Amino acid sequence: QHYSGLEEAVYRNIQACKELAQTTRTAYGPNGMNKMVINRLEKLFVTNDAATILRELEVQHPAAKMLVMASHMQEQEVGDGTNFVLVFAGVLLELAEDLLRMGLSVSEASDIVIEGYEKACKKALEILPDLVCCSAKNLRDVEEVASLLHTSVMSKQYGSEQFLSKLIAQACVSILTDSGHFNVDNIRVCKIVGAGISASSVLHGMVFKKETEGDVTSVKDAKIAVYSCPFDGMITETKGTVLIKNAEELMNFSKGEENLMDLQVKAIADSGANIVVTGGKVADMALHYANKYNLMLVRLNSKWDLRRLCKTVGATALPRLTPPTLEEMGHCDSVYLSEVGDTQVVVFKHEKEDSAISTILIRGSTDNLMDDIERAVDDGVNTFKVLTRDKRLVPGGGATEIELAKQITSYGETCPGLDQYAIKKFAEAFEAIPRALAENSGVKANEVISKLYAVHQEGNKNVGFDIEAEAAAVKDMLEAGILDTYLGKFWGIKLATNAAVTVLRVDQIIMAKPAGGPKPPSGKKDWDEDEND
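Reference entry: report on the structure contained in this document. Since the structure is predicted, the reported quantities are computational estimates derived from the model, not experimental observations.

Conventions used here
Residues numbered from 1 in each chain as written. Predicted model: local features only at pLDDT ≥ 70, side-chain atom pairs only at ≥ 80, totals over all residues. Heavy atoms only, no water. Helix = DSSP H or I, 4+ residues; strand = E, 2+ residues; numbered from the N terminus. Rg over C-alpha atoms; globule rule 2.2 N^0.38 Å. Buried < 20%, exposed > 50% of the residue type's maximum accessible area, 1.4 Å probe, protein only. Contact = heavy atoms within 4.5 Å. Areas by Shrake-Rupley, 256 points an atom, 1.4 Å probe, with all protein chains shown as cover. Lys, Arg positive; Asp, Glu negative; His and termini not counted. Charge placed at Lys NZ, Arg CZ, Asp CG, Glu CD. Disulfide = S-S within 2.5 Å. Axes fitted to C-alpha atoms, helices over the stretch in contact; angles between N-to-C directions. Parallel < 35°, antiparallel > 145°, perpendicular 65-115°, else oblique. Left-handed = near helix turned anticlockwise from the far one by under 90°. Core = buried A, V, L, I, M, F, W, Y, C linked by side-chain atoms within 4.5 Å. Nonpolar A, V, L, I, M, F, W, Y, C, P; charged D, E, K, R; others polar. Phe/Tyr/Trp six-rings, centres within 6.5 Å; stacked < 30°, edge-to-face > 60°. Lys NZ or Arg CZ within 6 Å of the ring centre and 35° of its normal. Pairing = 2+ DSSP bridges.

When helices and strands are counted, the chain shows 17 helices and 16 strands. Taking 533 residues into account, the globule formula puts the C-alpha radius of gyration at 24 Å, and the chain, at 31 Å, lies well above it. The dimensions of the chain, computed from C-alpha atoms along their principal axes, are 105 × 90 × 40 Å. The buried share of the chain, reckoned over its 533 residues, is 50%. A separation threshold of at least 6 residues defines the contact pool for the chain, and within that pool the share at least 24 residues apart is 75%. Here the chain has roughly 26,500 Å² of accessible surface; of this, 50% comes from carbon and sulfur atoms. Taken together, the 57 basic and 76 acidic charged side chains of the chain have centroids lying 1 Å from each other.

Printed below as a string of structure tokens:
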């Protein structure tokens, strides 16, 4: 077939998007395959997390970039469901291609498809609230929260979801404020190689992969002075010249410096502080006096870590080595140096449950494995954040998609005009989700989809694909506890449709590049000088 230049551009855009969606489609769901991605810095990633795959791939094609942007928006808005956006948008474009090939001119057909897709998307978002099967009742109950986080953790760490969702639930519930405000950044992750996933734990407070600087390695009922400057004597801005005439003056000069340092460290110890955290280097002389006055010294190179620690312990970071007031000091139940595996860590621990920051200590045999667990933790924490905004849940396992497909197909049949074809194709696109789950589980997809439609025709809205069965089987997702967040589905459908429609609206890609033509002459440097000179 020969297409005009305009048609060629549209088909080429669709082809690029289809290929991108196909990459992540095989990674969809708990049985999805892992991808081995090597980025431009030659760093290796082994994961089935679509957000990570896309971030490291650096997609160049402008149309495919639209899909990447939609999945990034999903990541920012919901924190999970990026693969859903990609797979769904890819299938919408694939089915749009069939409609565009039906004989109309591409510009006419595009308008019809876009109009149909937008109508169908609006209808899907109207139907979605009716498919809500339950809501989260109490977000302070660890057991209930753990059961709600199962689905999002299971898609990344199938087999460890029970253990990990319990850990994430404990961490999330412990920092949920009375007002219900929840900040994702308040859950930290510390990864230490060794042992296995089952040795991971939650600590209320913060953990740093550091060693203490001085001799003191543990303090109970800690009062913490935090400094953003180096722990050292003050140095003058300008250079000074000192004339020393004899040995005695030389001794007095160095003694004066020592006395000054002694007074500064003594003043900090007298204020009641027993731990000093500094953001800069620690001078040998200052360290000597810190040991003399029994101060525990911790050095944090990252200013972000310093800020988070201030938030955790309620301290104010001081820019100069002045004694802290009671208001400026932080408080913590215990600070101690511990050894996890063969790694030294400093733990700032709150015995009380309601600390401002919780840390999940991840153990694993390799760095790649721990990175993947960290991504699962991120998804779980983001799911909890979504539930604090909207507690509604819809059935997972393809149940919501099949019900939407069924209802939108019926709606398409009631629409006059050509856009009914696009509406029906939109409904058909929803089948891609249970299809991907079935294919990745090694089951015949057509058999699964026909069984799901048969059960949904009888009015069982909550029935989805059973990934644990040997053959093509279905079960009630509400009873199995496989639930997706309402907001995750809402934004996923909206963003995927927007991305697909935007790609269909493009008929040309114009890239700004330097024009061709002969290069300007380089010329000789000294062309105006005489050769004889």
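Tallying each qualifying case throughout the model produces zero disulfides. There is no disulfide at Cys133, and the cysteine sulfur nearest it, in Cys134, is 4.1 Å away. In this structure Cys133 comes out as buried when scored by relative accessible area, which is 18%.

Right, let's talk about unusual backbone geometry for a bit. If you check the backbone angles, Ala195 has positive phi at about 55° while not being a glycine. Residue classification places Ala195 among the exposed positions, given a relative accessible area of 57%. With a phi angle near 50°, Asp221 is a residue other than glycine that sits in the positive phi range. Tracing the sequence through the fold places Asp221 in strand 6 (residues 218-227).

Note that Lys18 resides in helix 1 (residues 5-25). Judged by relative accessible area, which is 19%, Lys18 ranks as buried. With residues up to four places along the chain from it excluded, the contact list for Lys18 reads Gly90, Glu94 and Glu97.

Packed helix pairs are characterised by how far apart their axes lie and by the angle those axes make with each other. Two elements in contact, helix 7 (residues 161-175) and helix 11 (residues 367-389), have axes whose closest approach is 10 Å; the angle formed by their N-to-C orientations is 50°. Considering the angle they form, helix 7 stands oblique to helix 11. Like other packed secondary-structure pairs, helix 7 and helix 11 cross with a definite hand, here right-handed. Here Leu164, Ile168 and Cys172 of helix 7 lie close against helix 11, whose contacting residues are Ile373, Ala376, Val377, Gly380, Val381 and Phe384.

Looking now at the nonpolar core. Ranked by internal contacts, the top residues of the largest apolar core, which has 79 residues, are Tyr117, Ile408, Phe426 and Ile493. For this core, the element with the most residues is helix 4 (residues 82-100), which contributes 13 residues. For Ile493, the residues in contact, after removing those within four places along its chain, are Phe84, Phe88, Cys121, Ala124, Leu125, Leu128, Leu404, Phe426 and Phe430.

Contact geometry of helix 8 (residues 247-270) with helix 9 (residues 284-292) gives a least axis separation of 9 Å together with a crossing angle of 45°. As judged from the angle between their axes, helix 8 and helix 9 are oblique. Helix 9 is crossed by helix 8, and the crossing has right-handed handedness. Note on element contacts: helix 9 touches helix 8 through Met285, Ala286, Tyr289, Ala290 and Lys292, opposite Glu257, Glu258, Met261, Asp262 and Val265. By residue class, the composition of the contact of helix 8 with helix 9 is six nonpolar, no polar and four charged.

With that out of the way, let us pick up the environment of Ala438. Considering the arrangement of structural elements, one finds Ala438 in helix 14 (residues 432-440). Sequence spacing of Ala438 and Cys121 is 317 residues, and the spatial spacing of their C-alpha atoms is 25 Å. Those residues in contact with Ala438 that lie beyond four places of it in its chain are Val443, Ala445, Val448 and Phe465.

It is worth spelling out helix 2 (residues 50-57) at this point. Of all eight residues that make up helix 2, six are buried, and the element is covered over most of its length. By the burial criterion, the buried members of helix 2 are Ala50, Ala51, Thr52, Ile53, Leu54 and Glu56. Note on helix 2: the residue one or two positions beyond its end, Glu58, has a positive phi of about 55°.

Let us look at the packing of aromatic side chains. Considering all chains together, one arrives at nine aromatic pairs under this definition. Judged by centre distance (5.7 Å) and plane angle (15°), the rings of Phe84 and Phe88 are stacked. Highlighted residues: Phe84 and Phe88, both in helix 4, separated by four residues, approximately one helical turn. Using a relative accessible area of 0% as the deciding quantity, one classes Phe88 as buried. Ring geometry for Phe426 and Phe430: centres 5.5 Å apart, planes at 80°, overall edge-to-face. Three or more aromatic residues link up through ring pairs in this structure, and these residues are Phe84, Phe88, Tyr117, Phe426 and Phe430. The ring of Trp304 has Lys303 lying over it, and the distance from NZ or CZ to the ring centre is 5.7 Å.

Look at any regular strand and the pattern is simple: side chains alternate between the two faces of the sheet. Where strand 6 meets strand 10 (residues 330-340), six bridges bridge the pair, whose relative direction is antiparallel. Within the sheet, the bridge partner assigned to Ser218 lies in strand 10 and is Tyr336. As defined by bridge partners, strand 10 adjoins strand 11 (residues 343-349) across seven bridges and the pair is classed as antiparallel. Bridging from a neighbouring strand, Leu337 pairs with Val346 of strand 11. From the end of strand 10 to the start of strand 11, which pair antiparallel, there are two residues, and Gly341 there has a positive phi angle of about 65°.

The antiparallel open sheet is built from three strands, whose spatial order is 3-13-16. One side of each edge strand has no neighbouring strand; the edge strands of this open sheet are strand 3 (134-135) and strand 16 (483-485). Pairing analysis gives two bridges linking strand 3 to strand 13 (residues 392-395), with the strands arranged antiparallel. In the sheet register, Cys134 faces strand 13, and the bridge partner there is Leu393.

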